[in-house]
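What follows is the residue order along each chain.
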Amino acid sequence: MKVLIPGPLLSYTKKREVEAAGATITELLADLDRQYPGFRFRVIDEQDKMRPHIRFFVNGEQVFDMTHSLRPTDELQIVQALSGG
Amino acid sequence: MARTTKKSATRKQGPSARATRAPRRRPSRRVVVLVATRKGAWLFHGDATRRTWRVDGPHFLGHIVNHLVLDPRDGRTLLAATKTGHLGPTVHHSTDLGRTWKEATRPPAFAKAPDGPDTKMPGRVVDHTFWLTPCHANEPNAWYAGTSPQGLFRSDDGGIAWEPFSVINDDPLYRTWMGSVQDGTPDGPKLHSIIVDPRDPVHLYMAMSGGGVHESVDRGRTFAPIVKGMEVVEGFDPATIAFHDPHCVRLCPSNPDRLYQQNHCGIYRIDRPSNEWVRIGRNMPKRVGDIGFPMVVHPRDADTVWVFPMDGTTVWPRTSPEGKPGAYVTRDGGKSWLRLDSGLPKSQAWWTVKRQAMTADALDPVGLYLGTTSGELWMSRDEGHRWACIARNLPEIYAVEAAEMR
């Protein structure tokens, strides 16, 4: 499925759109981490929680549940939320 | 007449470089000053006289860099504690003095807490790596890291993979002493001042804000607090480790049995094997007090240390007392103190100098360096007698380290 990458993570992917696979967001992030080592820890902490200024949108809808089911035709957008100056 | 290097003088933006007067003696060794800021890192390469400085940076522009350290064992490996406003914390390393950087494959991270309602201690999340210390000279590529909230980590591969010290990070008693995030400093409680005894790689010290000063004699398998003699905020019990707030602890290279400490409640010295700290800050001028953050030791004289007092009255402004910045030096182990402010602003300078933002080189005479939260980098080539500004207009400075180039 298509994953849209925010600016702070371009140092890993080098491009705005990448392809990754997974039946859930957790699995998708695992695949992204395989492709781009270190990627996952920058957005998910060691307690498996989303970091405070990272948000996920699936087909335009915000999702907080990391077990949210994904289809190959879905589009995941990773968003950098406001974090101050 | 100010002199600048060709490179820095032609920069259209960024920090400006300034010159200082010629030193009494010209050291032949070259110093690089490593500046970590809230928005990136800079390296200032000094000439042989420490008169002019070539600016190298920014590195990690926009990243929050809490510490940047050069490995004294090889003279070319740099470690940087980094994060961004959005992304989680990591550590970057460079083996070519910052020309290229690589990220840790396993950054400092706490253990995953067990799931379920019976969990007694909630899982913690590293907000940022705060402190980096190279291990002993006989342990090449090994490093220690301290984090916020308080955690201790070690890497044995040059900062690529980091392992937690569960004896600290997950110990119920230590977790009690650490308190919660609300008990810590405004930008998070920290484990800092990781010190390796130069005579013995298994002999370690570390400090926590809050949570006291601790010693290990077995390379970190066990730790024990050393807080006797240290004072706490009035009305609290100094026997409670959690109430102790050491800001910065330094070991004297010329006498590793002597350590100095700048604490939330004063300036202290300890001479091992004694376990009792002595508040030498009582001898500071009363109108200035003995509150501050950095502590700087002389590389060859264990009786000489420098501090940079902050206003710890009323609501704790944490600025230079009366808006008049000044370093203070003792040359007799804390019996007496001398103010050193020649060249510094005389009024209306409300500086804050953080605990990692003042340091010394090992040249003769010793060079002193400090960075302010308002983005100014200052240095003295004569052990604090005369100060000059190296750079202005940097972001908020978090840490300053001075290292020698090979």
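About the thresholds
- Residues numbered from 1 in each chain as written.
- Chains lettered and ligands numbered in written order.
- Predicted model: local features only at pLDDT ≥ 70, side-chain atom pairs only at ≥ 80, totals over all residues.
- Helix = DSSP H or I, 4+ residues; strand = E, 2+ residues; numbered from the N terminus.
- Rg over C-alpha atoms; globule rule 2.2 N^0.38 Å.
- Buried ≥ 20, exposed ≤ 12 C-beta atoms within 10 Å, placed from the backbone.
- Contact = placed C-beta atoms within 7 Å.
- Nonpolar A, V, L, I, M, F, W, Y, C, P; charged D, E, K, R; others polar.
- Core = buried A, V, L, I, M, F, W, Y, C linked by C-beta atoms within 7 Å.
- Pairing = 2+ DSSP bridges.
- Axes fitted to C-alpha atoms, helices over the stretch in contact; angles between N-to-C directions.
- Arc of directions from axis to C-beta.

(A) Up close: the overall build of chain A. Per the secondary structure count, chain A includes three helices and five strands. Beginning at the N terminus, the succession of helices and strands in chain A can be written as β-α-β-α-α-β-β-β. Relative to the 2.2 N^0.38 estimate, which gives 12 Å for 85 residues, the radius of gyration of chain A is 12 Å and therefore close to what a compact globule would have. Referenced to the eigenvectors of the C-alpha coordinate spread, the extents of chain A come out at roughly 35 × 25 × 25 Å. Counting the 85 residues in chain A, one finds 25% classified as buried.

(B) Layout of the interface of chain B and chain A. Chain B puts 15 residues into the contact, and the matching count from chain A is 15 residues. Looking at the side of chain B that touches chain A, its residues break down into six nonpolar, seven polar and two charged.

(C) Structural detail: the nonpolar core. Judged by nonpolar contacts, the single largest core of 106 residues is most densely connected at Leu34, Val35, Phe44 and Val400 of chain B. Once you skip the residues sitting within four places of it in the chain, Leu34 of chain B turns out to touch Leu43, Leu68, Val69, Leu70, Glu401 and Ala403 of chain B. In terms of nonpolar packing, the next biggest core, distinct from the first, is built from 21 residues, Ile44, Phe56 and Leu76 of chain A together with Val126 of chain B among them.

(D) Molecular detail of the sheet that holds strand β24 (residues 338–340) of chain B. Residues and elements named next belong to chain B. Strand order in the open sheet formed by four strands is β21-β22-β23-β24, with antiparallel pairing between adjacent strands. In this open sheet, the two edge strands, each paired with only one partner strand, are β21 (292–297) and β24. Here the strands of the sheet are splayed against their neighbours by 30 degrees on average, with no regard to which way each runs. Pairing between β21 and strand β22 (residues 305–309): four bridges, direction antiparallel. Residue Val297 lies in a different strand from β22, and its bridge partner there is Val305.

(E) Region of the structure containing helix α2 (residues 25–35) of chain A. Residue and element names in this part refer to chain A. Among all positions in α2, only Ile25, Leu28, Leu29 and Leu32 are buried. Buried positions in α2, seen along its axis, are confined to an arc of 100 degrees and lie on one side of it. Residues of α2 that are buried make contact with β1 (2–4), α3 (39–43), β3 (54–58), β4 (61–63) and β5 (75–80).

(F) How the structure looks around the environment of Ala161 of chain B. Residues and elements named next belong to chain B. Positionally, Ala161 belongs in the loop between β11 (151–155) and β12 (163–164). When the 15 C-beta atoms within 10 Å are taken as the criterion, Ala161 is described as partly exposed. Expressed as a C-alpha distance, the spacing of Ala161 and Glu103, which sit 58 residues apart in the sequence, is 9.7 Å. Setting aside chain neighbours within four positions, we find Ala161 in contact with Ala104, Thr105, Arg106 and Ser155.

(G) Structural context of the environment of Val79 of chain A. Residue and element names in this part refer to chain A. For Val79, the position within the fold is in strand β5. We classify Val79 as partly exposed; it has 13 C-beta atoms within 10 Å. Spatially, the C-alpha atoms of Val79 and Arg42 are 13 Å apart, while their sequence positions differ by 37 residues. Ignoring any residue separated from it by four or fewer positions in sequence, one finds Val79 in contact with Pro6, Arg55 and Phe57.

(H) The pairing of strand β3 (residues 40–46) of chain B, seen in detail. Residues and elements named next belong to chain B. For β3, the buried fraction is high: six of the seven residues fall into the buried class. Note that strand β2 (residues 30–37) and β3 share six bridges and pair antiparallel. Within the sheet, the bridge partner assigned to Ala36 lies in β3 and is Ala41. Adjacent in sequence and paired antiparallel, β2 and β3 are bridged by two residues.

(I) Looking closely at the sheet that holds strand β6 (residues 78–83) of chain B. Residue and element names in this part refer to chain B. Strands sit in the order β5-β6-β7-β8 across an open sheet of four strands; the sheet is antiparallel. Each end of this open sheet is capped by a strand with a single partner; those strands are β5 (64–70) and β8 (102–103). Two strands pair when backbone bridges link them, and β6 and strand β7 (residues 90–94) are joined in this way by five bridges, in the antiparallel orientation. If you follow Ala81 over to β7, its bridge partner there is Val91.

(J) View of unusual backbone geometry. Residues and elements named next belong to chain B. The linkage connecting Ser148 with the following residue, Pro149, adopts the cis geometry, with an omega of -5 degrees. Take Pro149: it is sitting in the loop between β10 (143–148) and β11. That bond from Asp364 to Pro365 is cis: its omega, 0 degrees, falls within 30 degrees of zero. With a phi angle near 55 degrees, Arg318 is a residue other than glycine that sits in the positive phi range. Tracing the sequence through the fold places Arg318 in the loop between β22 and β23 (327–330). Positioned with a positive phi, Asn393 is a non-glycine residue whose angle comes to about 70 degrees.

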